[in-house]
Amino acid sequence: MSPYGVDNTMRGVVFDVKRGVTKDGPGLRTSVFLKGCPLRCVWCHNPESQAPEIERAVTTDEVCGREVSVGEVMDEVRRDKVFYASSGGGVTLTGGEPAMQLGFASALASAAHEEGIHVAFDTCGFAQWTVFEKLLSIVDLFLYDLKCMDTAKHREFTGVDNALILDNLRRLDTAGAKSWIRCPLVPGLNDSDSDLASLRVFIRSLRNVQKMEICPYHTLGLEKFAKFGRRVPGSVPTVPASSADIVRWEGVLFA
């Protein structure tokens, strides 16, 4: 046990830990990537994160995932603690979907929180409300993905309905949780003017959103689908989003 009562021996499965990250929340951060995700987004850029278990690529000798303890991860996180303090950064739990390993993720968040390290939690929002209720006191910022407001499109492109996702975000906002909303946008799939306008209206109805980010589609995930023996989605573009796409998205979302 840590001096703060956190179980440092609790173990989970991560597939990467990246230091010096500047895009997963404020300041300089360490991003911890946890395995497992309940969604199957056709545009997923980390398809190797979807399965919860450690797995081997089918085309190379690459192994995705390793079992680690909270203490082992915190040893890596602490290495940049001085930079968190000077930049307003911290640790970001991401994935995959970190809520899929709630015990490990909450223990890790608690360990960082108790040491005064800012904790961001990157989530797709698809979990029971009790999951987020447990995280409220140990997470400083939720990085919340909103992929599409259209229920049929959301189900088609992610494999799940969006009702629970939207409800959880509303409840987090009502509870006073700070959030950054991330909008993964893919040309021709979830980026019509009506899609964007619906996102804008919903996000503006929330009181504690600090930032809205556009996450433009790129093609890095396509090679990974094949590498880990997954069917490459036929519905996604084979070229990344263009600068013209981004300009149009910004024009509607930030109007």
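Calculation criteria
- Residues numbered from 1 in each chain as written.
- Predicted model: local features only at pLDDT ≥ 70, side-chain atom pairs only at ≥ 80, totals over all residues.
- Heavy atoms only, no water.
- Pairing = 2+ DSSP bridges.
- Helix = DSSP H or I, 4+ residues; strand = E, 2+ residues; numbered from the N terminus.
- Axes fitted to C-alpha atoms, helices over the stretch in contact; angles between N-to-C directions.
- Contact = heavy atoms within 4.5 Å.
- Expected span 1.5 Å × (residues − 1).
- Buried < 20%, exposed > 50% of the residue type's maximum accessible area, 1.4 Å probe, protein only.
- Phe/Tyr/Trp six-rings, centres within 6.5 Å; stacked < 30°, edge-to-face > 60°.
- Lys NZ or Arg CZ within 6 Å of the ring centre and 35° of its normal.
- Parallel < 35°, antiparallel > 145°, perpendicular 65-115°, else oblique.
- Left-handed = near helix turned anticlockwise from the far one by under 90°.
- Nonpolar A, V, L, I, M, F, W, Y, C, P; charged D, E, K, R; others polar.
- Core = buried A, V, L, I, M, F, W, Y, C linked by side-chain atoms within 4.5 Å.
- Salt bridge = Lys/Arg side-chain N within 4 Å of Asp/Glu carboxyl O.

Peer 1: Describe the sheet that holds strand β7 (residues 118-123), and please don't skip the residues or the numbers.
Peer 2: Read across the sheet, 8 strands follow the order β5-β1-β2-β6-β7-β8-β9-β10 without closing on themselves; strand pairing throughout is mixed. Of all strands in the sheet, those with a lone pairing partner are β5 (66-69) and β10 (209-216), marking the two edges. If you compare each strand with its neighbour and ignore which way they point, the axes differ by 30° on average. Two strands pair when backbone bridges link them, and strand β9 (residues 179-185) and β10 are joined in this way by 7 bridges, in the parallel orientation. Bridge pairing in β10 links Ile181 to Met212. Each of β9 and β10 is contacted by helix α7 (residues 193-204), which is oriented at about 175° to β9, the strand it contacts most. Its contacts with the sheet place helix α9 (residues 243-253) against β9 and β10, and it is angled at close to 155° to β10.

Peer 1: Quick one: what's the story with α7, residue by residue and with numbers?
Peer 2: Compared with an ideal rise of 1.5 Å per residue, which puts 12 residues at 16 Å, α7 spans 16 Å between its outermost C-alpha atoms and is within 8% of the ideal. Listed as buried for α7 are Asp195, Leu196, Leu199, Arg200, Phe202 and Ile203. Along its buried surface, α7 packs onto α5 (151-158), α6 (163-174), β9, β10 and α9.

Peer 1: Pulling in residues and values, what's your account of the packing of aromatic side chains?
Peer 2: As enumerated under the stated definition, the model contains 5 aromatic pairs in all. Three or more aromatic residues joined by ring pairs form one cluster here, namely Phe121, Phe132, Phe142 and Tyr144. Stacked on the ring of Trp180, the Lys or Arg Lys211 has its end atom at 4.4 Å from the ring centre.

Peer 1: Describe the packing of α7 against α9, with residues and values.
Peer 2: Where α7 contacts α9, the axes come no closer than 8 Å and their chain directions differ by 45°. The pairing of α7 with α9 is recorded here as oblique in orientation. The two elements α7 and α9 cross, and the hand of that crossing is right-handed. Two secondary-structure elements touch here, α7 through Asp193, Leu196, Ala197, Leu199, Arg200 and Arg204 and α9 through Arg248, Trp249, Val252 and Leu253. Among the residues making up the contact of α7 with α9, the classes are represented as 6 nonpolar, no polar and 4 charged.

Peer 1: Before we move on, can you summarise the nonpolar core with the specific residues and values?
Peer 2: Grouped together as the largest cluster of nonpolar side chains are 68 residues, with contacts concentrated most on Val32, Trp43 and Leu146. By residue number, the principal contributor to this core is helix α3 (residues 102-114), which donates 7 residues. Here Trp43 is in contact with Lys147, Phe157, Thr158, Pro184, Val186, Leu189, Asn190, Tyr217 and Val236, once residues within four sequence places are set aside. With 5 residues, the next largest nonpolar core counts Phe15, Phe33, Ala57 and Phe228 among its residues.

Peer 1: Provide a residue-level description of the pattern of salt bridges, including the pertinent values.
Peer 2: Evaluation of the coordinates by the stated rule reveals 21 salt bridges. With a shortest N-O distance of 3.1 Å, Arg78 and Asp75 are connected by a salt bridge. Assessed through its relative accessible area of 32%, Arg78 is described here as partly exposed.

Interpretation note: all reported values are geometric properties and have no functional meaning in isolation.
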